[in-house]
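# Observations on chain architecture
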Amino acid sequence: VTWHSIVGQWLHEMKSKKHKHKDNNCCCCSGDKCFVITVCLFIGVGIISYWVLVVLPWKWWTSVFGLMNIVTWHSIVGQWLHEMKSKKHKHKDNNCCCCSGDKCFVITVCLFIGVGIISYWVLVVLPWKWWTSVFGLMNIVTWHSIVGLLCYCYRLAITTPPGTAPAGWKPPNLSPTEISLFMEGKYPIKKIGGVPGPFEPRWCAICENFKPPRAHHCKEFGTCVLRMDHYCPWVSNCVGYKNHKFFLQFVFYAALSGITLIITVLFRIIYDATYTPDALLPLDMIFAVFHVSITLPVTICIASLFCHQLSCVIEDCTNIEMFAYEAIRRDFRYKKKEIHLDFRSWYKK
């Protein structure tokens, strides 16, 4: 089938190039037909190989682990095929993950959440039958509540705009004369350690507008973002004034759910290995080790990110400002001086 598909496409390429339409998003009109067909053939060969070499010999449709593997792998392939379709959308919005360029990051997070839920049930709930005890039901409700809050905050972090600088904004503390001097490059800018102060007037050459205090231009978002912290591809959005809270909550619940899941899985494996070794299947042990080896480093990274973000919130300082603050501190430390930048109580709604 593969070989004859290649020959058939070869013959198809030799026919007349006349088409009834002309569209660069159509693979039959663009000049990359062979590349697209090659990718499709690779995908087809991969699907056939997966079934012939893995699924059919092991009869994975007869076990929970096998079904989970089949669904996960085919979901990844399905998304891959979805990425290859036409790029035409009825809308264009940087806040929409289907229009931005970070769809794969968002889908990866969703897959991690789905695999975590399946792992929790396969490795803990089903073997111990937690639905038959008060402690088990309490554990199930608690963990799924955390995951529910995780999904809810993740959705808000993706869909909530970060807050953009209003068009035509001008510094209220500058008179028209001072604004004219600033536009001519004659306005005196106070610098701290060679860097303009955080509350000095700034001009965005891309937006052609004044930047409000603590605002920065986000090239992915295409505008100046109020109190910009950073651009996060995992939420396919810029983290700023209006959605920083949801991002922080998302990171917190992600770290909490990961820590809870790791502790629960390890406790179940250690308990069964110690007291009921006959109830512990080799496949469960392999799956548990594989699961913990992936979940543990991811959870450590997420927890570290949460601690960093929490320290920024406590200091009322964004990620960008913290790095600028450290740079200024290093410059003044070299000069045997001290400086403290106060970012508190400045930003108003």
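Quick notes on the rules
- Residues numbered from 1 in each chain as written.
- Predicted model: local features only at pLDDT ≥ 70, side-chain atom pairs only at ≥ 80, totals over all residues.
- Heavy atoms only, no water.
- Phe/Tyr/Trp six-rings, centres within 6.5 Å; stacked < 30°, edge-to-face > 60°.
- Buried < 20%, exposed > 50% of the residue type's maximum accessible area, 1.4 Å probe, protein only.
- Helix = DSSP H or I, 4+ residues; strand = E, 2+ residues; numbered from the N terminus.
- Core = buried A, V, L, I, M, F, W, Y, C linked by side-chain atoms within 4.5 Å.
- Contact = heavy atoms within 4.5 Å.
- pLDDT = per-residue confidence, 0-100.
- Axes fitted to C-alpha atoms, helices over the stretch in contact; angles between N-to-C directions.
- Left-handed = near helix turned anticlockwise from the far one by under 90°.
- Nonpolar A, V, L, I, M, F, W, Y, C, P; charged D, E, K, R; others polar.
- Salt bridge = Lys/Arg side-chain N within 4 Å of Asp/Glu carboxyl O.
- Parallel < 35°, antiparallel > 145°, perpendicular 65-115°, else oblique.

## A few points about the packing of aromatic side chains
In total, this model carries 17 aromatic pairs according to the counting rule given. A ring pair is formed by W58 and W60, whose centres lie 5.5 Å apart and whose planes are at 55 degrees; its orientation type is tilted. Residue W58 is classed as exposed on the basis of its relative accessible area, which comes to 61%. Relative to W143, the ring of Y120 has its centre 4.3 Å away and its plane inclined at 10 degrees; by these criteria the two rings are stacked. Placement of the pair is Y120 in helix α4 (residues 103-128) and W143 in helix α5 (residues 134-159), with a sequence separation of 23 residues. Through a chain of ring-to-ring contacts, the aromatic side chains of Y120, W128, W130, F135, W143, F267, Y271 and Y275 assemble into a single cluster.

## Section: the nonpolar core
Counting 38 residues, the largest nonpolar core has Y120, Y154, V235, F247, F250 and V265 as its most contacted members. Elements with a contribution of two residues or more to this core: α4, α5, α7 (244-275) and α8 (282-314). If sequence neighbours within four positions are ignored, F250 has contacts with V109, L150, C153, Y154 and V235.

## Quick look at the confidence of the model for the chain
Scored by pLDDT, the chain comes out at a mean of 76, with 71% of its residues at no less than 70. Across the chain, α5 holds the top mean pLDDT of 92, while strand β1 (residues 191-192) sits lowest at 54. Note on residues 86-99: pLDDT is under 50 here. Beyond four places in sequence and across chains, it has 24 contacts. Here residues 342-349 scores under 50 on pLDDT; set against residues more than four positions off or in separate chains, the count is 21 contacts.

## Brief notes about the side chain of K211
When you line up the elements, K211 lands in strand β4 (residues 209-211). If we ignore the near neighbours within four places in the chain, the residues touching K211 are W169, R202, W203, C204, H217 and C224.

## Describing the side chain of Q309
Following the sequence through the fold, Q309 ends up in helix α8. Under the relative-accessibility criterion, Q309 is labelled buried at 1%. Excluding residues that lie within four positions of it along the chain, Q309 makes contacts with D229, H230, H244, F247 and L248.

## Things to note about the environment of W203
Here W203 is to be found in strand β3 (residues 202-204). Classification of W203 by relative accessible area gives partly exposed; the value is 34%. Residues W203 and K170 lie 33 residues apart in sequence; the distance between their C-alpha atoms is 9.8 Å. Sequence-distant contacts of W203, that is, excluding residues within four places in its chain, are made with F182, M183, E208, N209, F210 and K211.

## Description of unusual backbone geometry
Even without glycine at this site, R227 takes up a positive phi of about 45 degrees. Of note, R227 is situated in the loop between β6 (223-225) and β7 (230-232). The backbone of S236 sits at a positive phi, close to 50 degrees, despite the residue not being glycine. Checked against the element boundaries, S236 lands in the loop between β7 and β8 (237-239). Classification of S236 as buried rests on a relative accessible area of 0%.

## Digging into the environment of A254
Inspection of the secondary structure puts A254 in helix α7. Judged by its relative accessible area of 13%, A254 is buried. In the structure, A254 is positioned 48 residues away from I302 in sequence and 7.1 Å away in space, judged by C-alpha atoms. Discounting chain neighbours no more than four positions away, the residues touching A254 are L150 and I302.

## Some details on the packing of α7 against α8
At a minimum axis separation of 8 Å, α7 and α8 run at an interaxial angle of 150 degrees. Between α7 and α8 lies a crossing of left-handed hand. For the contact of α7 with α8, the residue count by class is 22 nonpolar, 6 polar and 2 charged.

## Side note on the pattern of salt bridges
In the structure shown here, the tally under the stated rule is 1 salt bridge. Note that R268 and D272 form a salt bridge whose closest N and O atoms lie 2.9 Å from each other. Of the two residues, R268 and D272 both sit in helix α7, 4 residues apart, roughly one turn of that helix. Both residues of the pair, R268 and D272, count as buried.

## Quick notes on the packing of α5 against α7
Put simply, α5 and α7 touch, their axes get as near as 8 Å, and they point 150 degrees apart. Comparing the axis directions of α5 and α7 gives the class roughly antiparallel. Here the hand of the crossing between α5 and α7 comes out left-handed. In this structure, α5 contributes W143, I146, V147, L149, L150, C153, Y154, L156 and A157 to the contact, and α7 contributes F246, F247, Q249, F250, Y253, A254, L256, S257, T260 and L261. Of the residues belonging to the contact of α5 with α7, the class tally is 16 nonpolar, 3 polar and no charged.

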